[in-house]
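Residue strings, one per chain:
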Amino acid sequence: MNANLTRLMAAAQKPARRIVGLMSGTSLDGLDVALCHFAGHGPATRVIVEHFATVPYQQAVRQEIRRVFARPEVELQHLTLLHAWLGRLHADMVLSCLRSWQVETCEVDAIASHGQTVFHAPRHQHGRAGWPNATLQLGDGDHLAVQTGILTISDFRQKHVAAGGQGAPLAVYGDYLVFSQPGEDRLLLNLGGIANFTFLPGTLAATEVFSTDVGPGNTLLDAFVREFDPTKSYDEQGALAAQGRANEALLAELLGQPFFGEALPKTTGPELFSPAYVRAAQQRTGTGHLSPADLLATLTEFSAAGIALAVTQAFGPTRLLHVYVSGGGLHNPTLLAAIERRLPQARFATTDALGIAPDAKEAVLFAILANETLAGNPLSIGHGPQQVPAVALGKISFPG
Ligand SMILES: Nc1ncnc2c1ncn2[C@@H]1O[C@H](COP(=O)(O)OP(=O)(O)OP(=O)(O)O)[C@@H](O)[C@H]1O
Ligand SMILES: CC(=O)N[C@H]1[C@@H]2OC[C@@H](O2)[C@@H](O)[C@@H]1O[C@H](C)C(=O)O
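No experiment lies behind these values; they were computed from the predicted model shown.

**Description of the environment of Glu-262**
Within the secondary structure, Glu-262 is located in the loop between α10 (248-254) and α11 (275-285). Overall, the presence of 13 C-beta atoms within 10 Å leaves Glu-262 in the partly exposed class. With twelve residues separating them along the chain, Glu-262 and Leu-250 place their C-alpha atoms 21 Å apart.

See below:
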């Protein structure tokens, strides 16, 4: 048998394994690297995060990604180069994390790499009749495998699309396996560039589980803060928004986007929720004069309102939900306060209460997906339009 396959089978058959989960999200803040120790798979999965770091992207890296990020038209050569360049950059970042944690590459069974989303195009967003859902992540897994010498599983979203999904949210698989709790209706709310949640019923009925994007999280806040002050990349602690007052006319106009009326589950991205979208809404409502603080206050309310709308759409206004928050938006108290005010029926905590640091959660989720691809079986989750594709996700890259 090919030596790579022998190694793959050995990794798959181990009772426990170590997987490095990688996530670089729509905020372009950096690469999240989580070294996870797994025992078991499927509903018996036990995961411990041994080490976690966010390796920040240098400004120059962000600029290279922004040349193609969420843009319908790009320079094809640059896109091509980025695919290889990001693969190598991510490999260097993994190797430097492992060095600083004093972990040898031979002690790691696999890397689970999400890659960098550069364009997300679900059907409802691209609107081309007869064309499928589509999504594109860069940072090819072969480069990671060859540069690090570690078996790499990557490009998880394509199989989801191939099997009828929109390529996201993939959080549902890992959330279901590690965060379900009998007797507690849980909502795992992630506040990244885009906000999403997974519902985990206290009955543990897998058919009721689903995951959906709900609208912008931080993406618009970041974009306008950058525009007001290019030296900043986000509204530190939500301080600017806290100084302003939300403009109700603009808020209502922003919420008029048909995305908010669509059935759950659904996905979106900065392709739709962009500064251009906000400016057009400002023009229609004559609110182009808003101060930076008032605009940030309005956009912060917009993110909170999108989340509350989806929760109410799914569960009605009174259901008691235990919400566990993760993602960078957790560091924005103005955003959190707005969400809590709009969901008075919910109890809030962070995923720390569930044993996973909120900043590490998405990287851990991809490690869980790789663990399932290696050792698990396709999971049957959801029902009807909320059915989650029951497939093994990701592509396997051998180091040699
Ligand atoms: N101290 C802080 N104050 C305010 N906001 C913060 C702070 N730290 C992080 N954030 C927000 O969190 C964002 C990063 O969040 P995160 O890493 O969860 O996003 P992501 O994974 O890139 O997004 P997605 O989940 O949509 O792919 C930053 O861009 C910023 O908006
Ligand atoms: C296409 C894409 O990269 N989507 C991301 C993004 O960031 C948050 C939200 O939009 C979510 O749909 C998804 O990531 C998480 C990890 C997911 O798939 O569950």
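**Points about the site of ligand 1**
Close to ligand 1 lie 22 residues; Gly-25, Ser-27, Gly-192, Asn-218 and Gly-328 are nearest. Looking at the shell around ligand 1 residue by residue, the class counts come to three nonpolar, 14 polar and five charged. Looking at which domains feed residues into the shell around ligand 1, each of domain 1 (3-170 + 361-397) and domain 2 (179-354) gives three or more.

**Concerning unusual backbone geometry**
Peptide bonds are trans in most cases, and residues, glycine excluded, mostly fall at negative phi. Each neighbour pair has its own omega, and for Ala-168 with Pro-169 the value is -20°, a cis peptide bond. Here Pro-169 shows up in the loop between α6 (157-162) and α7 (171-179). Residue Leu-264 is joined to Pro-265 through a cis peptide bond whose omega torsion reads 0°. Its place among the elements puts Pro-265 in the loop between α10 and α11. Positive phi values are uncommon outside glycine, yet Gln-102 reaches one of about 55°. Tracing the backbone through its elements, the reader meets Gln-102 in the loop between α3 (76-100) and β4 (110-121).

**Structural notes on the domain arrangement of the protein chain**
Domains assigned within the protein chain are domain 1 (3-170 + 361-397) and domain 2 (179-354). Going through the elements one at a time, β4, α4 (123-126) and α14 (361-375) are the ones with two or more residues in the side of domain 1 that touches domain 2. Here the residues of the side of domain 1 that touches domain 2 sort into seven nonpolar, eleven polar and three charged.

**Structural notes on the packing of helix α8 (residues 219-228) against helix α12 (residues 292-315)**
Close contact between α8 and α12 brings their axes to 9 Å; oriented N to C, the two are set at 170°. On the basis of the axis angle, α8 is roughly antiparallel to α12. Packed against α8, whose contacting residues are Leu-220, Leu-221, Phe-224 and Phe-228, the element α12 presents Pro-292, Leu-295, Leu-296, Leu-299 and Thr-300 at the interface. Across the contact of α8 with α12, the residue classes tally to eight nonpolar, one polar and no charged.

**Focus on helix α13 (residues 333-342)**
Among all positions of α13, only Thr-334, Leu-335, Ala-338 and Ile-339 are buried. Seen from one end, α13 has its buried residues packed into an arc of 135°, which puts them on one side. Turning to α13, the residues buried within the fold contact β7 (186-191), α9 (239-243) and α12.

**Considerations on the site of ligand 2**
For ligand 2, the set of nearby residues contains 18 residues, the closest of which are Thr-117, Ala-168, Pro-169, Ala-171 and Ile-194. Listing elements by their share of the shell around ligand 2, those giving two or more residues are β4 and β8 (194-200). Classifying every residue of the shell around ligand 2 by side-chain character gives five nonpolar, eleven polar and two charged. Looking at which domains feed residues into the shell around ligand 2, each of domain 1 (3-170 + 361-397) and domain 2 (179-354) gives three or more.

**Notes on the sheet that holds β7**
Ordered by their spatial adjacency, five strands build an open sheet running β9-β8-β7-β10-β11, and the pairing between neighbours is mixed. Two strands close off the open sheet at either side, each with one partner strand: β9 (210-216) and β11 (346-350). This sheet shows a mean twist of 25° between the axes of neighbouring strands, independent of strand direction. As paired strands, strand β10 (residues 321-326) and β11 are joined by five bridges and run parallel to one another.

So, how was this worked out
- Residues numbered from 1 in each chain as written.
- Chains lettered and ligands numbered in written order.
- Predicted model: local features only at pLDDT ≥ 70, side-chain atom pairs only at ≥ 80, totals over all residues.
- Helix = DSSP H or I, 4+ residues; strand = E, 2+ residues; numbered from the N terminus.
- Buried ≥ 20, exposed ≤ 12 C-beta atoms within 10 Å, placed from the backbone.
- Near = placed C-beta within 6 Å.
- Nonpolar A, V, L, I, M, F, W, Y, C, P; charged D, E, K, R; others polar.
- Domains from an automatic or database assignment.
- Axes fitted to C-alpha atoms, helices over the stretch in contact; angles between N-to-C directions.
- Parallel < 35°, antiparallel > 145°, perpendicular 65-115°, else oblique.
- Contact = placed C-beta atoms within 7 Å.
- Arc of directions from axis to C-beta.
- Pairing = 2+ DSSP bridges.

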